Amino acid sequence: MTSYQPTAPHQALSASQELLTVPQVMARLQLGRSAVYDLLRTQQLASITLGRARRIPTHALTDFIRTRLDQEAAA
């Protein structure tokens with residue numbers, strides 16, 4: 001007799017694929033809501049929209065910080 005093992009339709013998100021809310025990004029960057037939405041509006045910080053909710057992948061936040069550090073170092 002063969003046992004049935006269902007396959008998962010999705011894999012668990014790794015830490016590098018975690019999605020953050022705007023308030024979580026505000027706390028991590030120590031910026032206000034308007035400043036974070038300005039970064040999203042100007043596409044300096046990538047995000048996705050799920051329904052009416054805005055989510056920022058952690059890798060996008062890491063990339064944003066790395067880019068800003070590189071810009072500061074070049075100045």
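Here is what the cut-offs are and how they apply
- What you see as residue numbers is a count from 1 along each chain, following the sequence as written.
- Per-residue local features of the predicted model are confined to residues with pLDDT of at least 70, and side-chain atom pairs are confined, for both listing and counting, to 80 or more; whole-chain, interface and lining totals are unaffected and use all residues.
- With hydrogens and water set aside, each side-chain value is computed from the structure's full complement of heavy atoms.
- A residue counts toward a patch only above 30% relative accessible area and without a salt bridge, and it is joined to like-charged neighbours within 9 Å or, for Val, Leu, Ile, Met, Phe, Trp and Tyr, to nonpolar neighbours within 5 Å.
- Every accessible area reported is derived by Shrake-Rupley at a probe size of 1.4 Å, with residue values counting cover from the shown protein chains alone.
- Each reported salt bridge corresponds to a side-chain nitrogen of Lys or Arg within 4 Å of a carboxyl oxygen of Asp or Glu.
- Think of it this way: any DSSP run of H or I at least four residues long counts as a helix, any run of E at least two long counts as a strand, and we number them from the N terminus.
- For every residue, the accessible area (1.4 Å probe, protein chains only) is compared with the maximum for its type, and the residue is labelled buried under 20%, exposed over 50%, or partly exposed between those bounds.
- By the convention used here, strands pair only if DSSP detects at least 2 bridges between them.
- In what follows, a contact means two residues having at least one pair of non-hydrogen atoms within 4.5 Å.
- Axis angles are defined between N-to-C directions and span 0 to 180 degrees, where every axis is a line fitted to C-alpha atoms and, for a helix, only to the segment in contact.

Asker: Any details on a nonpolar patch on the surface? Residues and values, ideally.
Answerer: The grouping of Leu 19, Ile 48 and Leu 50 at the surface amounts to a nonpolar patch, some 220 Å² of accessible area in total. Relative to the helices and strands, Leu 19 is located in strand S1 (residues 19-20). Given a relative accessible area of 31%, Leu 19 falls into the partly exposed group.

Asker: Could you give me a rundown of the sheet that holds strand S2 (residues 48-50), with the residues and numbers involved?
Answerer: Taken together, the three strands give an open sheet; going across it, the order is S1-S3-S2, and neighbouring strands pair in antiparallel fashion. The open sheet has two edge strands with one neighbour each: S1 and S2. Judged from the two bridges that link them, S1 and strand S3 (residues 53-57) form a sheet pairing that is antiparallel. Bridge pairing in S3 places Leu 19 opposite Pro 57. Across the sheet, helix H3 (residues 58-74) is in contact with S1 and S3; its angle to S3 comes to roughly 60 degrees.

Asker: How would you summarise the pattern of salt bridges if you had to cite specific residues and measurements?
Answerer: The final tally for this structure, using the stated rule, is two salt bridges. We note a salt bridge from Asp 38 to Arg 41, for which the minimum N-O separation is 3.3 Å. Residue Asp 38 and its partner Arg 41 are located together in helix H2 (residues 33-41), separated by three residues, close to a single helical turn. In this structure, the salt-bridge partner of Arg 66 is Asp 63, at a minimum N-O distance of 3.3 Å.

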